[in-house]
Amino acid sequence: MPAQNLLDFDLAGLTGYFAGLGEKPFRARQVMRWIHQAGVADFSQMSDLARTLREKLAREATVTVPQILTEQVASDGTCKWLLDVGAANGIETVFIPEETRGTLCISSQVGCALACTFCSTGQQGFNRNLGTAEIIGQLWLANRALAQHHDGDRVAGSTTASAAPCERPITNVVLMGMGEPLANYDAVLAALHLMLDDHAYGLSRRRVTVSTSGLVPAMDRLREDCPVALAVSLHAPNDPLRDELVPINRKYPLAELMSACQRYLERAPRDFITFEYILLAGINDQPAHARELIALVRDVPCKFNLIPFNPFPGTGYRRPDSQAIQRFRDLLMQAGHVVTVRKTRGDDIDAACGQLAGRVQDKTRRTVHRIEVSP
Ligand code: SAH
Ligand code: SF4
């Protein structure tokens, strides 16, 4: 039998696994703290476990994370890791440091089947879902890598580093990397449980955000199972345009999506939904679009996060100029909305939203993966 990767289990799963080994539930909690809080993968180092249990685990289980292929650090401190997920595939994870928080953006799938026309991941096709170990493994690895950076600073003799409270640089997690998290529901749910569990990462539900292109039935399930903060990728104020930009809209059109958002708010940790809206020059950035958008979200308490389009090789879309961006933002603000315009981080390492490409061996045999560039 292949060794069981313990990173695949949330607390309920690990407790069940330990019961199968004839061990008490508190052992599962102990091992969970070793793995996720102490970052220990070697059972022989888990000093408060009986030697017989350590030996049994060494025979039957592992703690295995994807291998880091490359690590890039941008001039603004943004870090991007490319992780090997087998069969020549790679996924990307990004850490974005800010003054008051540190956000880790993690991937949920190798590629994405939903094929949004402006998204580099979506244009590459889909290979497979990530497992829970590969999803939570990104947080596990990033915590370790960032702790090592911090130790490196200290070794280098920086006087500020030892005083800085960098013990836990990751304060927030967003599932906004490669893939559609709600299309990989079970693996994502177990990873969310681990992020929130006090024996693992202990993040509050407000600090964990799932971003979805609008899979309505899965939004309803998440509301029941684990209502973390929700961001919905809207990108268009009417069905014909959204059908084109976000093809899943043909299955779950805007009226259904708005109702699902209202239902989600009944259980959400915040009293608003974040609507993400990419700005594409000449496509969805006109004043008429802003007005239509205001009418669309009339009954949904929300905040807007405007994302000026980040180009990638082969795209035919353009980012609007700063005047058009400001005009769009001002119209929403005049209607009483809270609006942020997402700053591009990690510019010099292509770490921005929608630029995460990783390495995807497409299995969907879609024939057209790239939008042609107009001459
Ligand atoms: N599949 C999920 C989460 C991953 S995409 C979703 O679609 O919400 C994370 C965010 O990046 C989404 O809002 C997505 O629309 C946006 N995005 C994708 N491509 C982009 C690009 N080229 N420029 C800017 N944002 C992009
Ligand atoms: Fe998939 Fe999100 Fe990209 Fe759309 S924007 S293709 S849903 S990753």
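Residues numbered from 1 in each chain as written. Chains lettered and ligands numbered in written order. Predicted model: local features only at pLDDT ≥ 70, side-chain atom pairs only at ≥ 80, totals over all residues. Heavy atoms only, no water.

**So, the overall build of the protein chain**
- Of the regular secondary structure elements, the protein chain holds 12 helices and 14 strands.
- Taken over C-alpha atoms, the radius of gyration comes to 21 Å for the protein chain, in line with the 21 Å a tight globule of 375 residues would show.
- Principal-axis analysis of the C-alpha atoms gives the protein chain an extent of 70 × 50 × 45 Å.
- Considering only intrachain contacts with a sequence separation of at least 6, the fraction spanning at least 24 residues in the protein chain is 68%. (Helix = DSSP H or I, 4+ residues; strand = E, 2+ residues; numbered from the N terminus. Rg over C-alpha atoms; globule rule 2.2 N^0.38 Å. Contact = heavy atoms within 4.5 Å.)

**Regarding the packing of aromatic side chains**
- Per the stated rule, a full pass over the model turns up six aromatic pairs.
- Seen in terms of ring centroids, Phe 309 and Tyr 317 are 5.9 Å apart; in terms of plane orientation they differ by 80°. Their pairing is edge-to-face. Note on accessibility: Phe 309 and Tyr 317 belong to one class, buried.
- Here a set of aromatic residues connected by ring pairs shows up, and it is made of Phe 9, Tyr 17 and Phe 18.
- Between Lys 303 and the ring centre of Phe 272, over which it is positioned, the NZ or CZ distance is 4.2 Å. (Phe/Tyr/Trp six-rings, centres within 6.5 Å; stacked < 30°, edge-to-face > 60°. Buried < 20%, exposed > 50% of the residue type's maximum accessible area, 1.4 Å probe, protein only. Lys NZ or Arg CZ within 6 Å of the ring centre and 35° of its normal.)

**Focus: the site of ligand 1**
- Taken together, 20 residues lie near ligand 1, and Phe 118, Ser 211, Ser 233, His 235 and Asn 310 sit nearest.
- Contacts to ligand 1 include Ser 233, whose side-chain N or O atom sits 2.6 Å from an oxygen atom.
- Between ligand 1 and the protein, one listed contact pairs an oxygen atom with a side-chain N or O atom of His 235 at 2.6 Å.
- Protein contact buries 95% of the 520 Å² of open area that ligand 1 shows by itself.
- With respect to the detected pockets, ligand 1 is housed in the largest cavity. (Near = heavy atom within 4 Å. Polar contact = N/O pair within 3.5 Å; in protein donor to acceptor, adjacent residues only side chain to side chain. Areas by Shrake-Rupley, 256 points an atom, 1.4 Å probe, with all protein chains shown as cover. 1 Å grid on protein atoms, 1.4 Å probe; cavity = no way out; pocket = protein on both sides within 12 Å on 5 of 7 lines; lining within 4 Å. Sits in = over half its atoms within 2 Å of the grid points.)

**Focus: the sheet that holds strand S11 (residues 229–233)**
- Reading across from one edge, S3-S4-S5-S6-S9-S10-S11-S12-S13-S14 is the order of the 10 strands in this open sheet, with mixed pairing throughout. Only two strands of the sheet have a single partner each, and these edge strands are strand S3 (67–73) and strand S14 (338–341). Each strand of the sheet is rotated relative to its neighbour by a mean of 20°, with strand direction disregarded.
- Of the strand pairs in this sheet, strand S4 (residues 79–84) and strand S5 (residues 90–97) are connected by six bridges, and their pairing is antiparallel. The residue of S5 that forms the bridge with Asp 84 is Gly 90.
- Packed on one face of the sheet, helix H10 (residues 254–265) meets S11 and strand S12 (273–279) and runs near 145° to S12. (Pairing = 2+ DSSP bridges. Axes fitted to C-alpha atoms, helices over the stretch in contact; angles between N-to-C directions.)

**A look at the environment of Ala 3**
- As for its placement among the helices and strands, Ala 3 is situated in the segment before strand S1 (4–5).
- For the pair formed by Ala 3 and Ala 58, sequence separation is 55 residues and the distance between their alpha carbons is 8.9 Å.
- For Ala 3, the residues in contact, after removing those within four places along its chain, are Glu 60, Ala 61 and Thr 62.

**Digging into the domain arrangement of the protein chain**
- Per the domain assignment, the segments making up the protein chain are domain 1 (4–62) and domain 2 (67–349).
- Where domain 1 abuts domain 2, roughly 1200 Å² becomes buried across the two surfaces, and 57% of that area is made up of carbon and sulfur atoms.
- When the area that domain 1 buries against domain 2 is broken down by residue, the three leading residues are Leu 7, Asp 10 and His 36, summing to 41%.
- One can count zero salt bridges joining domain 1 with domain 2.
- There are nine residue pairs in polar contact (both at pLDDT 80 or more) connecting domain 1 and domain 2. (Domains from an automatic or database assignment. Buried area = accessible area lost by both parts, 1.4 Å probe. Salt bridge = Lys/Arg side-chain N within 4 Å of Asp/Glu carboxyl O.)

**Focus: the nonpolar core**
- Among the nonpolar cores identified, the biggest contains 110 residues, and Leu 6, Leu 57, Phe 118, Leu 192, Met 195, Leu 222 and Phe 275 are the most heavily contacted of them.
- With residues up to four places along the chain from it excluded, the contact list for Phe 275 reads Val 232, Leu 234, Met 258, Cys 261, Val 297, Val 300, Cys 302, Lys 303, Phe 304 and Asn 305.
- Counting residues in hydrophobic clusters, the runner-up holds six residues, among them Ala 74, Val 94, Val 174 and Ala 351. (Core = buried A, V, L, I, M, F, W, Y, C linked by side-chain atoms within 4.5 Å.)

**A word on the site of ligand 2**
- Around ligand 2 lies a shell formed by Cys 112, Leu 114, Ala 115, Cys 116, Cys 119, Gly 122, Gly 179, Glu 180 and Ser 213.
- The pocket occupied by ligand 2, as judged from atoms lying within 2 Å of grid points, is the largest cavity.
- Class assignment of the residues belonging to the shell around ligand 2 gives a composition of five nonpolar, three polar and one charged. (Nonpolar A, V, L, I, M, F, W, Y, C, P; charged D, E, K, R; others polar.)

**Re the pairing of strand S9 (residues 172–175)**
- Here S9 shows no split at all, with Asn 172 and Val 174 on one side and Val 173 and Leu 175 on the other all buried.
- Across three bridges, S9 lies against strand S10 (residues 208–212) in parallel orientation. Following the sheet pairing, Leu 175 is matched in S10 by Val 210.

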